[in-house]
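Examination of the molecular architecture
The residues making up each chain are set out below.
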Amino acid sequence: MEAQRAQEITMIPDMIHVTCNGEKVYIEHVDQDKNLATIHPLSNPEDKKSVSVDHLEEH
């Protein structure tokens, strides 16, 4: 996924189906300069981490 699209998803009020390495995730924040997204698995909101937006896939 491109950083711009990941940023757009964070602004959409509807839930967009996104996965990271096959796991459903919520995108909290995107740093377009660093090409990183702060995410957490839908199954564990406390497990926040930063990943390259390249690892995110929209379905």
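Scroll up for the structure.
Residues numbered from 1 in each chain as written. Predicted model: local features only at pLDDT ≥ 70, side-chain atom pairs only at ≥ 80, totals over all residues. Heavy atoms only, no water.

1. Quick look at the side chain of T19
Mapped onto the elements, T19 comes out in strand β1 (residues 18-20). For T19, a relative accessible area of 8% translates into the label buried. Of note is the side chain of T19, whose polar atom sits 2.8 Å from the side chain of H59. Apart from residues lying up to four places away in sequence, T19 is in contact with K24, V25, H55, L56, E57 and H59. (Helix = DSSP H or I, 4+ residues; strand = E, 2+ residues; numbered from the N terminus. Buried < 20%, exposed > 50% of the residue type's maximum accessible area, 1.4 Å probe, protein only. Polar contact = N/O pair within 3.5 Å; in protein donor to acceptor, adjacent residues only side chain to side chain. Contact = heavy atoms within 4.5 Å.)

2. Here we look at the nonpolar core
In terms of nonpolar packing, the biggest core is built from 13 residues, with I27, V30, A37, I39, V53 and L56 touching the most fellow members. Secondary-structure elements contributing two or more residues to this core are α1 (3-11), β1, β2 (23-31) and β3 (36-41). With sequence-adjacent residues up to four places away left out, L56 is seen in contact with M1, A6, V18, T19, C20, V25, I27, A37, I39 and V51. (Core = buried A, V, L, I, M, F, W, Y, C linked by side-chain atoms within 4.5 Å.)

Everything listed is a geometric property; what it means functionally is a separate question.
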